[in-house]
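The primary structure of each chain is shown beneath.
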Amino acid sequence: MKHIAILGSTGSIGTQTLAIVREQKDIKVWALTAGKNIKLLERQIREFQPKLAAVWEKADAVKLRENVRDLPVQVVSGMDGLLAAAVLPQVEILVTAVVGMIGLRPTVAAIRAKKTIALANKETLVTAGHLIMPLAEEYGVPILPVDSEHSAIFQSLNGEAGNKIHKILLTASGGPFRGKTWEELMDVQVEDALKHPNWSMGKKITIDSATMVNKGLEVIEAKWLFGTDLDQIQVVVQPQSVIHSMVEYEDGSIMAQLGTPDMRLPIQYALYYPMRRPLSGKRLDFFALGNISFEKPDIRTFDGLRLAYEASGRGGNMPTIFNAANERAVAKFLDRKIKFLEITQVIQECMENCAYIEHPNLDEILETENTVYEWIESRW
């Protein structure tokens, strides 16, 4: 029996994690947390019977508590609620599926409580990899990647201990605007950007895929997860999304992980690692697929990827500036307050104007986020 908690249970990764729980029948869910979707969270509580549930706003917690008063579940709120879920004694694996830097403090707390981390919250390593990875090593805590690309790299590294990595080949679908020019993207609408050709994801990550900022975030995350230099990570556009990433070793051999674009696969692999379990759904049919193609990423049109390499190369709190600026810019685009191409413009301006800190601690990372938000609100 696996014992888990899920931060962000009503989002895309959270609901797919619960689909695995439903199918496998040997996972006990002890805690669920959500932002504002208390209707779905209530249904999840009734089905999975956790000991603890958390929402962000206190008023929502009061309402949820009333709605589930017939059940033996403790309902809490805010950051204290997330922290309580992260360190619950019965929990062995914490699935961090929240979006944004809100996942940082609960991940730190869970590591200190010696919980295995199934990591889907990429912002944790993007902004604080220099703190998280040494802390996980200190406490002997595994960090198991849930992102499909990082899971693919992780799987391609299995059995290769001691063999030197020459290069990580991080694949990208290219998003809904692959092949488009800058001019063709000038009048992109929200609905256009949310039409990903291959993956079913939440709104924020779907927009990140459209700008290719998501791939930039994954580059930074891969650097920390796998202990490589930035120049060892190469992004390869693979439009069919069946090669999820590859590892090239120093002898020229390349190991790749392939499969259908189904996020349940990397989630389940993290939950049961190192064992594999049967998983329902489509299998990859090479005859139906016909071919697999590769392209170079267009970093002139999709300059979010270029800015991510720049931010990671500079280090310090620059990846936090990059990430926080993107979060707020994407929110503004979804609210139709800025244009699609202005997302990366906001990021670049923040990287040029927000104060740089060479060796930020956790408090300085969180303060950097607030500083970026304030800068954006004052100018956009």
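Throughout, residues of each chain are indexed from 1 in the direction in which the sequence is written. With the structure being a predicted model, the display of local features is reserved for residues of pLDDT at least 70 and the display and counting of side-chain atom pairs for 80 or more, all residues being used for whole-chain, interface and lining totals. Only hydrogens and water are set aside; all other atoms, that is, all heavy atoms of the structure, feed into the side-chain values.

> Looking at this model, I keep getting lost on the sheet that holds strand β7 (residues 143–145). Mind explaining?
Strand pairing in a sheet relies on backbone hydrogen bonds. The paired strands run either parallel or antiparallel. The sheet built from seven strands is open, its strands ordered β4-β3-β2-β1-β5-β6-β7 with parallel pairing. The sheet is open, and its two borders are formed by β4 (74–77) and β7, each paired with just one other strand. Each strand of the sheet is rotated relative to its neighbour by a mean of 25°, with strand direction disregarded. When strand β5 (residues 93–96) meets strand β6 (residues 116–119), the two strands line up parallel, connected through four bridges. Within the sheet, the bridge partner assigned to Leu94 lies in β6 and is Ile117. Across the sheet, helix α2 (residues 38–48) touches β2 (27–33) and β3 (52–55), and the angle it forms with β2 is around 155°. The rule for pairing is simple: two strands pair if DSSP sees at least two bridges between them. Strands are runs of DSSP state E lasting at least two residues, helices are runs of H or I lasting at least four, and both sets are numbered from the N terminus onward. Helix axes are fitted to C-alpha atoms over the stretch in contact, other axes to C-alpha atoms as well, and angles between N-to-C directions run from 0 to 180 degrees. What makes two residues a contact is simply this: any of their non-hydrogen atoms within 4.5 Å.

> How should the sheet that holds strand β9 (residues 233–237) be read in this particular structure?
Pairing is mixed across the open sheet formed by four strands, whose spatial order is β9-β8-β10-β11. The sheet is open, and its two borders are formed by β9 and β11 (254–258), each paired with just one other strand. Each strand axis lies, on average, 20° off the axis of its neighbour in the sheet, ignoring direction. With four bridges joining them, strand β8 (residues 165–172) and strand β10 (residues 243–249) adopt antiparallel strand pairing. For Leu169, the partnering residue across the bridge sits in β10 and is Met246. Packing of helix α7 (residues 148–157) onto the sheet brings it into contact with β8, β10 and β11, and relative to β10 it is tilted by some 40°.

> I'm lost on the environment of Leu41 in this one. Help?
Mapped onto the elements, Leu41 comes out in helix α2. For the pair Leu41 and Ser9, spaced 32 residues apart in sequence, the C-alpha separation works out to 7.4 Å. The contacts of Leu41, once residues within four sequence positions are left out, are Ser9, Thr10, Leu32, Ala34, Ala54, Val55 and Leu64.

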